[in-house]
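Spelled out from the first residue to the last, the chains are:
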Amino acid sequence: MKMYLRIGTRKSTLAIIQAKNVSNALEALGHTTELIKITSDGDEIQDKPLPSFLGKGVFTKTLDNALIKCEVDVVTHSLKDIPTQLINGISQGAVLKREDPYDVIVCSEGSDFLNEDFAESSYKPVIATSSTRRRAQWLNRYPNHELINIRGNIETRIQKIKKENMDAAIFAAAGLNRLGLQNEIEKKLEWMIPSAGQGAIAVL
């Protein structure tokens, strides 16, 4: 039976691209879809590091509530953002083919902190990430580096790298790939253990 489906998504460019992937898959099966753009708590609060408020569901709770209230028919999330325990009444319906699961770094112009000779200097590189997982692994490997928080969508964070006093920031490769920003990637961090589900799009 063909259906009309309202797909809930965050408003960021990346979230919309991911939701369109789901939309295209559903329309290929003969369904009609509409994207319903919703602002999450994580998008509204930009002045705090993620671990300090609302927990893992910071980017998903608002959309999930819209699903519970029947304001949308399905929602799309990055699988890594979904809490282990789903809200009562919601189930995971599908997971799209996973993109590159690894983390990568994007460097500021002219930064040479990855150069082996440069690493022997007394300079203390500044690396940006708001992820506790990434922070812990980076400091375990580079204990002399300084880690700072960074918030905003991918495009905003890349601009901050270029304008503010930092050497690099850590991103998920999948997000940069989906946005067509592969040229911004300086190096893939194959030594860093990625978040469970990173690179995959889930449909609830």
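It should be noted that the structure appears before, not after, this text.
Residues numbered from 1 in each chain as written. Predicted model: local features only at pLDDT ≥ 70, side-chain atom pairs only at ≥ 80, totals over all residues. Heavy atoms only, no water.

Asker: What's the story with the overall build of the chain in this structure? I'm lost.
Answerer: When helices and strands are counted, the chain shows 7 helices and 10 strands. Looking at the 204 residues of the chain, the share that counts as buried comes to 44%. For the chain, the computed accessible surface area is about 11000 Å², with 49% contributed by carbon and sulfur atoms. (Helix = DSSP H or I, 4+ residues; strand = E, 2+ residues; numbered from the N terminus. Buried < 20%, exposed > 50% of the residue type's maximum accessible area, 1.4 Å probe, protein only. Areas by Shrake-Rupley, 256 points an atom, 1.4 Å probe, with all protein chains shown as cover.)

Asker: Looking at this structure, I do not really get the sheet that holds strand S3 (residues 74–78). What am I missing?
Answerer: Reading across from one edge, S2-S1-S3-S10-S4 is the order of the 5 strands in this open sheet, with mixed pairing throughout. Looking at strand neighbours, the two that pair on one side only are strand S2 (32–38) and strand S4 (94–95), the edges of this open sheet. Sheet topology note: the strand S1 (residues 4–10)/S3 ladder contains 2 bridges and is parallel. The residue of S3 that forms the bridge with Gly8 is Val75. Sheet contacts for helix H1 (residues 13–28): S1, S2, S3 and strand S10 (201–203); angle to S1, the most-contacted strand, approximately 165 degrees. Here helix H3 (residues 61–68) sits on the sheet in contact with S1, S2 and S3, set at roughly 165 degrees to S3. (Pairing = 2+ DSSP bridges. Contact = heavy atoms within 4.5 Å. Axes fitted to C-alpha atoms, helices over the stretch in contact; angles between N-to-C directions.)

Asker: It is not clear to me how the packing of aromatic side chains should be interpreted in this structure. Could you clarify?
Answerer: Any pair of aromatic rings gets described here by the distance separating the centres and the angle formed by the planes. Taken as a whole, this structure holds 3 aromatic pairs when the rule is applied. An angle of 50 degrees between the planes, with centres 5.8 Å apart, marks the rings of Trp138 and Trp191 as tilted. On the criterion of sequence distance, the pair formed by Trp138 in helix H5 (residues 132–141) and Trp191 in the loop between strand S9 (187–189) and S10 is long-range, its members being 53 residues apart. Among the residues examined, Trp138 registers a relative accessible area of 1% and is labelled buried. (Phe/Tyr/Trp six-rings, centres within 6.5 Å; stacked < 30°, edge-to-face > 60°.)

Asker: Which parts of the structure should I look at to understand the sheet that holds S9?
Answerer: Picture the strands of a sheet paired through backbone hydrogen bonds; they go either parallel or antiparallel. Strands sit in the order S7-S6-S8-S5-S9 across an open sheet of 5 strands; the sheet is mixed. Each of the sheet's edge strands pairs with one partner strand only, and the pair in question is strand S7 (146–148) and S9. Ignoring which end each strand starts from, the neighbouring axes of this sheet average 30 degrees apart. Sheet topology places strand S5 (residues 103–107) next to strand S8 (residues 168–172); 5 bridges connect them, and they run antiparallel.

Asker: What is the right way to read unusual backbone geometry from this model?
Answerer: Even without a glycine there, the phi angle at Cys70 is positive, about 65 degrees. Relative to the helices and strands, Cys70 is located in the loop between H3 and S3. A relative accessible area of 54% means that Cys70 is categorised as exposed.

Asker: So what exactly am I meant to see when it comes to the side chain of Gln18 here?
Answerer: Structurally, Gln18 is set in helix H1. When sequence neighbours within four positions are dropped, the list of residues in contact with Gln18 reads Ser78, Arg178 and Ile201.

Asker: What is the right way to look at the nonpolar core in this model?
Answerer: In a soluble, globular protein the nonpolar side chains are often hidden away together inside. The biggest cluster of nonpolar side chains holds 16 residues, and the ones touching the most others in it are Ile154, Ile158, Ile161, Met166, Phe171, Leu176 and Leu181. Where this core is concerned, the elements lending two or more residues are S5, strand S6 (126–128), helix H6 (154–163), S8 and helix H7 (173–178). For this core, the leading source of residues is H6, giving 3 residues. Excluding residues within four positions of it along the chain, Ile161 makes contact with Val106, Cys107, Ser108, Met166, Ala169 and Phe171. (Core = buried A, V, L, I, M, F, W, Y, C linked by side-chain atoms within 4.5 Å.)

Asker: Can you help me understand the environment of Asn88 in this one?
Answerer: Within the secondary structure layout, Asn88 lies in the loop between S3 and S4. Classification of Asn88 by relative accessible area gives exposed; the value is 68%. Measuring from C-alpha to C-alpha, the distance between Asn88 and Ile68 comes to 8.9 Å, with 20 residues separating the pair along the chain.

Asker: So what exactly am I meant to see when it comes to the pairing of S2 here?
Answerer: On any regular strand, side chains alternate: one points to one face of the sheet, the next to the other face. With 7 bridges joining them, S1 and S2 adopt parallel strand pairing. Looking at the pairing, Gly8 lines up with Ile36 of S2.

Read these as geometric descriptors, not functional statements.
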